[in-house]
Every structure is written in C-alpha cells, then in structure tokens.
Amino acid sequence: MDRDMTDCCPVNVAPGEERKGHLIPNGNGHQGANGSLVSGGGVATPVVRPGYPERETWTRQMDFIMSCVGFAVGLGNVWRFPYLCYKNGGGVFLIPYILIVLVGGIPIFFLEIALGQFMKAGSINVWNIAPLFKGLGYASMVIVFFCNTYYIMVLAWGFYYFVKSFSATLPWSTCDNPWNTDSCIEIFRHDECHNGTIGNATFGNMTCEELANGRSPIIEFWENKVLNISEGLDYPGSMNWEVVLCLLATWVIVYFCVWKGVKSTGKIVYFTATFPYVVLIILLVRGVTLPGAYDGIMYYVKPNWSKLGEAQVWIDAGTQIFFSYAIGLGALTALGSYNRFNNDCYKDAFMLALINSGTSFFAGFVVFSILGFMASEQGVDISQVAESGTRALISPAAHTRMRMRTRTHTSAWKTPSAANPR
C-alpha cells in the first residue's frame, strides 16, 4: 500500500494541492541547491510546473538586498518622512513610528518576502496558495500601474534637472530668463531690512516691502518653466517638449534596466541603490555649512510632547510606514520569489527595515538643513518653507549654492595670477 501511495503522489507535493498547473509544496520537504524539493529521506525530486518557466534566482544574495533597497527607499524617505516628522512633533514622531515598524511594518515586510520565496511566483500566481484571494494579486497590479505612471513623471523631472545642471549658468540661479517675473530676486537682503540699515530706501530698484514679496529664481524655474502652471484646469497650456523628451528617455532607460530580468537588474541596482546615498551625503556636508542650517535641523528634531495624544500623529506614522516600506503592492513578493528557497529572509527583513528607516531619519537632516538656509535667505519662518511645495527644490537650491561657492573660490584664486602674470 505504501508503494502504491508513493507511485500515485510525489512525496513532496500534497495531494489535491495542484492549482492550475502550479504545485504547492506541502511543507514536508526542503529545496536543494538546484531548486528541487528534498523529501525527508534525502531524495531530491525536481519540481515540475506545467506551463510555467523555471524561476530564475539572483546571482548573489546581495543583488536581492540592493534591489529591495533601491525599490523601497525613495521619495517617501527623502521628502515625506522629514515633513511628517516636523509636522507631528519632531523627535516625538519617532515613538509611534518605531512602535508601528515593530508591530506592523517588519512583520508584513517579512511576510511578503517569505511568501514570494516559498511559492516562487509573482504577486498574482503567489495566491495559488489560497485561490480565494487571487483577486488581491490583480488589485496590486492595478495599484502598481497607477504608481508607476505618476512616479515615472517624478523621475522625468529629476532627469530634466540633471540635464540642465550641465549648463554653464544654472537656469534656476538667475532672474534674466523668459519665464521669470518682475518679482524674481536673486539675492534677498532681509537682514538689512530687519536691522534698519536699508529702511524704506530702495535696493536694486525695490523697497524692503517689495523684497518681502519677492520670489526666488529656483521657485520660478520650477513653477513657470518645468511645471508651466497655467491659470486653471480650463487652461491646459502648451506642451513642454523638453520634459516630454525627458519622460520618453526615462521610460527607455527603465525598459533596458529590466528587459533581461534579474540578471541585468541585479547588477544595475548596485548603482541605482547606492548613488542616492552619495548624493545625500554630499548635500548634507554642503547643507550644514550654509547659514540657517542649525535652525532648520533644530526645527526638525525639536520634540513637542503634546503631539503624542493626537490620533493624526499615529495615523501619519502608519501611512508613512506602508508608503516607504512599499508593502501591499506585491513588488516585494516578486523580488523575494527570485531568492533561493532556503534563504534567510527573516534576517533580510530586519536589515532592510533598518536601512529604510535609517535613511528616512538621515534624509531629514539633509532636507531641513537646506530648508533652514532657504528660510534664512528669504527672511521667513521655516514653517512657511516647509509647508510649501519647495521641499522638492532642496537639491537645486544646494546645487546653486555649491556652484556659487565654487565660482567665488575660482575667482579669488585667479585674481592674483591675473594681477601678477609670470
């Protein structure tokens, strides 16, 4: 009778658990190095899934780590977390944030990776483990589609700024461009106005009252040139062909990053996942040397203990974790499906959560050091800068200051040589 059962059903597949050609391991076996399931007796039996190609695996386990870092760490860490931290009591926000990370963030993060690793399938086929919930897989695909269509536009803006940064004079550093208005001011002199050294006198054909209503060329480049904001929804405006070309180029780059599967993606992520950290470190070093940086950082971390009693603080902490950890989208399940079956995804989940949350907190110092400088330059309170949409302009602002500092040092170095030629 035992022989009949062995001939009837493989030892590594539970009877009746085949769903549409997808065999579900019954938990009694383990996967060998070649992707086969090993039964309790040590005999490896290859897994045959009719209609499904053999699942690839990462060349190195570090490919998976870098892919998850590159996917999960993004704008939610760099822009959204610092703003929510400042908005919800500064350092106090870390208390509900860490609690929800431990209670909800890490467990769900681990669940998605482990489910994909166990089933060796993407976000749709992984639900063969419970066909009743397969609609969740299709729903996650719809969510990812909408996320990609808007997120690729953000990448196009970044690519547009990247191209423009190679110009001799940064287009967002001067007020003599066609898109600038009469309110554009390159250098704000609020200190002199506040100290009474200028008073009601004019400076650059503008009074102190007019200076208070001035606009930075960085903001005008963003609103008038990049976004080309029209008067309203009933005025669609003209097409910005430069941004359209950047959007097309971004789609092409993304396609060639993924067209060969994990073999090519696993190598590209070593650059895409580490380069943002290089940029953040450079911006932090530059940001802390700017005037007003200390005030901005203190505005970011100063605790407001009364905020702990507000429900909105806890809601923001939960939504931020789901947003920055990218859980519930099915992408982590797909990335985990390329792992080896016996990979220690439990350790990976904790390590990736630490990297994700650590990046969020670190990025806050970068953002608010430059926001403090922008507030100091414009003579306004930091809250007015932090509440506005200028959080997206910290990189152009820092880049402009770095260019100005470089030109100053270069001019100072060249002047003696010009005066005393050899």
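Keep in mind it's a predicted model, so treat the numbers as computed, not measured.

Procedures and definitions
Residues numbered from 1 in each chain as written. Predicted model: local features only at pLDDT ≥ 70, side-chain atom pairs only at ≥ 80, totals over all residues. Heavy atoms only, no water. pLDDT = per-residue confidence, 0-100. Contact = heavy atoms within 4.5 Å. Helix = DSSP H or I, 4+ residues; strand = E, 2+ residues; numbered from the N terminus. Expected span 1.5 Å × (residues − 1). Bend = angle between axes of the 7 residues up to and from the residue. Buried < 20%, exposed > 50% of the residue type's maximum accessible area, 1.4 Å probe, protein only. Salt bridge = Lys/Arg side-chain N within 4 Å of Asp/Glu carboxyl O. Disulfide = S-S within 2.5 Å. Phe/Tyr/Trp six-rings, centres within 6.5 Å; stacked < 30°, edge-to-face > 60°. Lys NZ or Arg CZ within 6 Å of the ring centre and 35° of its normal.

A closer look at the confidence of the model for the protein
Reasoning step 1: The share of residues in the protein with pLDDT of 70 or more is 72%, and the mean pLDDT across the chain is 76.
Reasoning step 2: Considering only residues more than four positions removed or in separate chains, one finds that residues 197–203, a stretch of pLDDT under 50, has 12 contacts.
Reasoning step 3: Residue range residues 406–422 is modelled with pLDDT below 50. Its contacts to residues more than four positions away, or to other chains, number zero contacts.

Thoughts on helix α4 (residues 94–119)
Reasoning step 1: Helix length check: α4, at 26 residues, gives a terminal C-alpha distance of 35 Å against a target of 38 Å (1.5 Å per residue), a fit within 8%.
Reasoning step 2: Val101 marks where α4 bends most, by close to 50 degrees.
Reasoning step 3: With its phi angle positive at about 55 degrees, Lys120 sits one or two positions after the end of α4.

Points about the side chain of Ser123
Reasoning step 1: The topology assignment puts Ser123 in the loop between α4 and α5 (134–164).
Reasoning step 2: Here Ser123 falls in the buried class, since its relative accessible area comes to 7%.
Reasoning step 3: The residues contacting Ser123, other than those within four sequence positions of it, are Gly137, Ser140, Met141 and Gly330.

A few points about unusual backbone geometry
Only a minority of non-glycine residues have a phi that is not negative, and only a minority of peptide bonds are not trans.
Reasoning step 1: Of note, Lys120 is a non-glycine position whose phi angle comes to about 55 degrees, a positive value.
Reasoning step 2: For Asn228, which is not glycine, the phi torsion reads 50 degrees and is therefore positive.
Reasoning step 3: Locating Asn228 in the fold gives a position in the loop between α8 (217–226) and α9 (241–258).
Reasoning step 4: A residue is classified by how much of its surface remains accessible, and Asn228, at 30% relative accessible area, is partly exposed.

Some details on the environment of Gly90
Reasoning step 1: Inspection of the secondary structure assignment puts Gly90 in the loop between α3 (75–87) and α4.
Reasoning step 2: Judged by relative accessible area, which is 1%, Gly90 ranks as buried.
Reasoning step 3: In this structure Gly90 touches Cys85, Tyr300, Val301 and Lys302, once residues within four positions along its chain are discounted.

Structural notes on the pattern of salt bridges
Reasoning step 1: Enumeration over the complete set of coordinates arrives at five salt bridges.
Reasoning step 2: Two residues, Lys87 and Asp316, come together in a salt bridge whose shortest N-O distance is 3.7 Å. With Lys87 in helix α3 and Asp316 in helix α13 (residues 311–325), this residue pair connects regions lying 229 residues apart in the sequence.
Reasoning step 3: Exposure remark for Asp316: the relative accessible area of 7% places this residue in the buried category.
Reasoning step 4: Between Lys225 and Glu242 there is a salt bridge whose closest N-O contact spans 3.7 Å. On the criterion of sequence distance, the pair formed by Lys225 in helix α8 and Glu242 in helix α9 is long-range, its members being 17 residues apart.
Reasoning step 5: Judged by its relative accessible area of 22%, Lys225 falls in the partly exposed class.
Reasoning step 6: Looking at Glu242, the relative accessible area reads 34%, which means it is partly exposed.

Some points on the state of the cysteines
Reasoning step 1: Within the structure shown, the criterion is met by one disulfide.
Reasoning step 2: Disulfide partner of Cys175: Cys184, at an S-S distance of 2.0 Å. Since a negative S-S torsion denotes a left-handed disulfide, the Cys175-Cys184 link at about -70 degrees is left-handed.

Focus on the packing of aromatic side chains
Reasoning step 1: Following the criterion strictly, the structure yields 29 aromatic pairs and no others.
Reasoning step 2: Note on Trp58 and Tyr338: the rings are 5.7 Å apart at their centroids and 70 degrees apart in plane angle, and the pair reads as edge-to-face. Of the two residues, Trp58 is situated in the loop between β5 (44–45) and α2 (61–72) and Tyr338 in the loop between α14 (331–336) and α15 (345–378); the sequence distance between them amounts to 280 residues.
Reasoning step 3: The interplanar angle of 90 degrees and the centroid separation of 5.5 Å between the aromatic rings of Phe110 and Tyr346 together place this pair among those described as edge-to-face. Taken as a pair, Phe110 in helix α4 and Tyr346 in helix α15 lie far apart in primary sequence, 236 residues in all.
Reasoning step 4: Owing to a relative accessible area of 28%, Phe110 belongs among the partly exposed residues under this scheme.
Reasoning step 5: Sitting over the ring of Phe323, Arg80 keeps its end group 5.3 Å from the ring centre.

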